[in-house]
Amino acid sequence: MKIYFAPLQGYTEGIYRKAHHLVYGGIERYYTPFLRMEKGEPRRQDMGRLLSDTNGGVPVSPQVIFNDREELESLVGTAYSYGYRSIDLNMGCPFPPQMKLGRGSALLERPDVLREILPVFGEFDGMEYTLKMRLGVNDTTAWRGVIDILNRMPLRHITVHPRSAKQQYKGELDMAQFEELLKASAHPVIYNGELRTADDIHAITERIPGIAGVMIGRGLLARPSLAAEYAEGEEWDYRKRREHLMRMHEMVYRHNVEKLCGETQTLSHLTPFWDYLEDEIGRKAWKRIRKATTLQKYREAIALI
Ligand SMILES: Cc1cc2nc3c(=O)[nH]c(=O)nc-3n(C[C@H](O)[C@H](O)[C@H](O)COP(=O)(O)O)c2cc1C
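Residues numbered from 1 in each chain as written. Predicted model: local features only at pLDDT ≥ 70, side-chain atom pairs only at ≥ 80, totals over all residues. Heavy atoms only, no water.

**Student:** Help me out: how do you make sense of the pattern of salt bridges in this one?
**Tutor:** Side chains bearing opposite charge may pair, as long as their charged atoms lie close to each other. In the structure shown here, the tally under the stated rule is 22 salt bridges. A salt bridge links Arg 156 to Glu 128, with the shortest nitrogen-to-oxygen separation between them at 3.2 Å. Within this pair, whereas Arg 156 is found in strand S8 (residues 155–164), its partner Glu 128 is found in strand S7 (residues 128–136), the two being separated by 28 residues in sequence. Arg 156 sits in the exposed class, given a relative accessible area of 52%. Residue Glu 235 pairs with Arg 223 through a salt bridge whose shortest N-O separation is 3.8 Å. Note that Glu 235 is positioned in the loop between helix H10 (226–232) and helix H11 (238–259) and Arg 223 in the loop between helix H9 (218–222) and H10, a separation of 12 residues in sequence. Arg 223 sits in the buried class, given a relative accessible area of 18%. Counted as one network, the salt bridges with shared partners bring together Glu 13, Arg 36, Glu 38, Arg 43, Asp 46 and Arg 49. (Salt bridge = Lys/Arg side-chain N within 4 Å of Asp/Glu carboxyl O. Helix = DSSP H or I, 4+ residues; strand = E, 2+ residues; numbered from the N terminus. Buried < 20%, exposed > 50% of the residue type's maximum accessible area, 1.4 Å probe, protein only.)

Laid out in C-alpha cells, this is it:
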C-alpha cells in the first residue's frame, strides 16, 4: 500500500520534507502546504518555496488553493514555468478565511466553478493532477453534488478525508459515506485520516481493500518512522527511532540556523518540529524545548532526549 505524506501548513515545509525523505524514505509523494493568490498574483513567499533547493531530489507535488478558473490558471501556470509537472488541488481546507473567499472545501458547494475549470486541465502540456477533499461542508454529503464533475476531470487520484469542514480535524469519521464515494468515483481513491500506527494502516486496507493508498499527516509528525516501519513490516526499537529522529532534526536545525536571521525567528521555525513528538521524546525534554527562548537553551533541551 502506497503511503503519501499529507500537507501540513507550518510543519511539512521544504527542509522537513527533504530531511524526512533522506533519513526515512517510505513515502510515495510529499505534498506542499497550499499555495495561494494574494492581491491578484501568486503569493511571493509561496512561490519562493517552490523555487527552494530543498525540493531537489524529493518526490513533491505543489498543492494549490483557488476560488475560480483565473486563480487556478495563474497558480498552475507559475508552478509549470518552474518545471513542476504535478499539482494537487485543494478542496478540503476548512479554515474560515479561505472558505469565505470560496476556496478549499467551499468548492464542494460550488459545482459551477468546478465546471468552469474543466478546460484548464488541457492547458498545460504534460501536467498531472490530483485532488484532496473532504466529504462536505456542514455535513458529510456535499460530495454527492460534485462527484460527476470530479469524474470528468483527468485526475491521477483523489484523496479523501472523511469529515465535514465543520468538524475541522476532530470527531467521528464517516466511513459509510467514504465507501459510497469510493464506489461512485471514477478515479483511484486515497484514504486520509487518523492513521497513527502500522496496525491502523493494516486495518484500513483490510476494511476497505478498494483504496489505492493512504495519506498520513499527524501520524507521521508524531512518528516519522511510521511509513518505513510499515514498509519493513517490523517495528523499530526506541534506540533506532531516536537515532533517526536526531539525524533528521540535525538537518532541519542546520538548514534553519544557516538560512534564518535572529534567534527568535530561527526558534519559531525549529520548535514546531517537536509539536507532535511529546510521546516519542518524553514530557520533560518536550516542555523544555517549548520553553526555550535562546538557541543555547534549545540545544540543552534537545540534549535531554
Ligand atoms: C496544522 C495543519 C495544517 C494543515 N495544512 C493543510 C494544507 O495546507 N493543505 C491540505 O490539503 N491539508 C492540510 N491539513 C490537513 C492534513 O493534510 C490532513 O488532511 C489532516 O491532518 C488529516 O489527516 P491526519 O489525521 O493523518 O493528520 C492540515 C492539517 C493540520 C492539522
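**Student:** Whenever I open this one, the sheet that holds strand S2 (residues 29–35) confuses me. Can you help?
**Tutor:** Remark on secondary structure: sheet strands pair via backbone hydrogen bonds, oriented parallel or antiparallel. Strand order in the closed barrel formed by eight strands is S1-S2-S5-S6-S7-S8-S9-S10, with parallel pairing between adjacent strands. Going across the sheet, the axis of each strand differs from the next one's by a mean of 30°, ignoring polarity. Examined bridge by bridge, strand S9 (residues 189–192) and strand S10 (residues 213–216) share three bridges and lie parallel to one another. Note that in S10 the partner of Tyr 191 across the bridge is Val 214. Packing of helix H1 (residues 14–23) onto the sheet brings it into contact with strand S1 (3–5), S2 and strand S5 (60–64), and relative to S2 it is tilted by some 175°. (Pairing = 2+ DSSP bridges. Axes fitted to C-alpha atoms, helices over the stretch in contact; angles between N-to-C directions. Contact = heavy atoms within 4.5 Å.)

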